[in-house]
Amino acid sequence: MLNPALDPAAFAQRFAMERRLQIRGIFAPEAAERIHTCLSRETPWSLLYNDGEKIARLSPEQLRAMPAPEKSARATGVLQRARGAFQYVYNSYQTVESYLARKDPGLFLHTVYEYCNSPEMLDFLRAATGIPELLKCDSQATLYAPGHFLKAHDDDVNERSHRRIAYVLGFAKDWDPDWGGILQFYDQEHNVTHAMVPRFNVLSIFSVPQFHAVSYVVPYAPIGRYSITGWYVDK
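Draft legend 1. Spatial organisation of the packing of helix H2 (residues 29-42) against helix H6 (residues 108-116). The geometry of H2 relative to H6 is characterised by a closest axis approach of 9 Å and an angle of 130° between their N-to-C directions. Of the possible angle classes, the one that applies to H2 and H6 is oblique. Every pair of crossing elements has a handedness; the one defined by H2 and H6 is left-handed. Residues Arg 34, Ile 35, Cys 38 and Leu 39 of H2 form the contact with H6, whose own contacting residues are Phe 108, Leu 109 and Val 112. Residues belonging to the contact of H2 with H6 are distributed by class as follows: six nonpolar, no polar and one charged.

Draft legend 2. The arrangement of the environment of Tyr 99 in detail. Mapped onto the elements, Tyr 99 comes out in helix H5 (residues 95-100). Residue classification places Tyr 99 among the partly exposed positions, given a relative accessible area of 29%.

Draft legend 3. Spatial organisation of the packing of aromatic side chains. Enumeration according to the criterion identifies twelve aromatic pairs in this entry. With centroids separated by 6.1 Å and ring planes inclined at 75°, the aromatic side chains of Phe 171 and Phe 200 adopt a geometry described as edge-to-face. In this pair, Phe 171 sits in strand S8 (residues 163-171) while Phe 200 sits in strand S11 (residues 200-207), placing the two residues 29 residues apart along the sequence. Exposure remark for Phe 171: the relative accessible area of 0% places this residue in the buried category.

Draft legend 4. Local environment of the layout of surface pockets. Roughly 860 Å³ of volume is contained in the largest pocket. In terms of lining, the largest pocket is formed by 36 residues, of which the most central are Tyr 90, Gln 140, His 153, Asp 155 and Trp 231. With five residues, strand S13 (residues 225-233) is the largest single contributor of residues to the lining of the largest pocket. A class-by-class count of the residues in the lining of the largest pocket yields 16 nonpolar, twelve polar and eight charged.

Draft legend 5. Just empty space enclosed by the protein, in detail. This model, assessed by the stated rule, comprises one cavity of 30 Å³ or more. Taken together, 15 residues form the lining of the largest cavity, with Val 168, Val 197, Pro 198, Ser 204 and Arg 225 sitting closest to its centre. Mapped by element, the contributors of at least two residues to the lining of the largest cavity are S8, S11 and S13. Counted by class, the lining of the largest cavity contains nine nonpolar, four polar and two charged residues.

Draft legend 6. Spatial organisation of the pairing of strand S6 (residues 140-144). Taking burial as the measure, the five residues of S6 include five buried ones, the bulk of the element. Burial along S6 is two-sided: the residues Gln 140, Thr 142 and Tyr 144 and Ala 141 and Leu 143 are all buried. Direction of pairing for strand S4 (residues 88-93) relative to S6: antiparallel, over a ladder of three bridges. Bridge pairing links Tyr 93 to Ala 141 in S6. Two strands pair when backbone bridges link them, and S6 and S13 are joined in this way by five bridges, in the antiparallel orientation.

Draft legend 7. Broad picture of the pattern of salt bridges. Enumeration over the complete set of coordinates arrives at ten salt bridges. As a salt-bridge pair, Lys 173 and Glu 33 come within 2.8 Å of each other at their nearest N and O atoms. With Lys 173 in the loop between S8 and strand S9 (183-186) and Glu 33 in helix H2, this pair connects stretches of sequence that are 140 residues apart. Residues participating in the shared-partner salt-bridge network are Glu 133, Arg 164 and Asp 234.

Draft legend 8. Representation of the nonpolar core in the model. By size, the foremost hydrophobic cluster in this structure holds 40 residues, and its most contacted members are Phe 27 and Tyr 232. Excluding anything up to four places from it in sequence, Tyr 232 contacts Cys 116, Met 121, Leu 122, Leu 125, Leu 134, Lys 136, Cys 137, His 162, Arg 163, Arg 164, Ile 165 and Tyr 167. Among the nonpolar cores identified, the runner-up in size contains 13 residues, and Tyr 144, Trp 175, Trp 179 and Val 214 belong to it.

Reading the values: the criteria
Residues numbered from 1 in each chain as written. Predicted model: local features only at pLDDT ≥ 70, side-chain atom pairs only at ≥ 80, totals over all residues. Heavy atoms only, no water. Axes fitted to C-alpha atoms, helices over the stretch in contact; angles between N-to-C directions. Helix = DSSP H or I, 4+ residues; strand = E, 2+ residues; numbered from the N terminus. Parallel < 35°, antiparallel > 145°, perpendicular 65-115°, else oblique. Left-handed = near helix turned anticlockwise from the far one by under 90°. Contact = heavy atoms within 4.5 Å. Nonpolar A, V, L, I, M, F, W, Y, C, P; charged D, E, K, R; others polar. Buried < 20%, exposed > 50% of the residue type's maximum accessible area, 1.4 Å probe, protein only. Phe/Tyr/Trp six-rings, centres within 6.5 Å; stacked < 30°, edge-to-face > 60°. 1 Å grid on protein atoms, 1.4 Å probe; cavity = no way out; pocket = protein on both sides within 12 Å on 5 of 7 lines; lining within 4 Å. Points joined across faces, edges and corners; volume = space filled by probe spheres on them. Pairing = 2+ DSSP bridges. Salt bridge = Lys/Arg side-chain N within 4 Å of Asp/Glu carboxyl O. Core = buried A, V, L, I, M, F, W, Y, C linked by side-chain atoms within 4.5 Å.

Okay, structure coming up:
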């Protein structure tokens with residue numbers, strides 16, 4: 001899947017200095033198109049959001065059966081909580097959970113998950129980051145549609161998480177920055193110090209912890225922000 005023209009060693013110095021990196025054309029074109037087709041046409045998306053520390057996940061079947069007033073009430077609750085607390089809402093496919101349960105056999109996302117844990121991909125990332133301890137990754141697919149967002153956080157769940165780098169494989173075609181959905185990084189005074197615009201066939205990686213967010217996707221965005229995300233760990 002990897003683009004054979006990429007030289008991972010060329011990225012190592014930049015990653016060491018900035019602790020983040022975006023690599024365009026990460027996959028061969030045919031592989032990138034196949035992943036986009038899977039995300040845009042084949043993936044059974046659930047709606048994922050939090051209510052304080054509680055995670056809520058609504059399956060496609062639950063969403064179809066839910067009355068409109070209840071959907072509206074849940075959406076209002078998300079926005080109200082976002083005013084003063086950590087909040088997120090987006091569409092998700094829990095790849096690892098489904099893969100281990102042998103759910104959705106044949107879904108191409110499972111093949112991508114296997115490849116992200118392959119020796120070829122691991123060797124590439126070890127060289128690109130200068131972190132030889134990278135051992136494996138988890139994975140979820142995400143779709144940020146209009147009204148979706150992820151407020152600022154640092155991914156440092158606890159000292160036992162063993163997360164070394166976060167990754168975002170982006171498959172947003174012809175994305176306009178005015179639509180939002182931008183991966184933003186902040187300093188200690190909450191200034192935006194760096195931003196990565198959604199693009200197609202790119203790999204964004206950054207060391208953990210770093211304070212970051214995915215900005216609000218505006219209501220008039222005509223398409224969704226597709227990606228595959230997770231963390232590479234050392235244990």
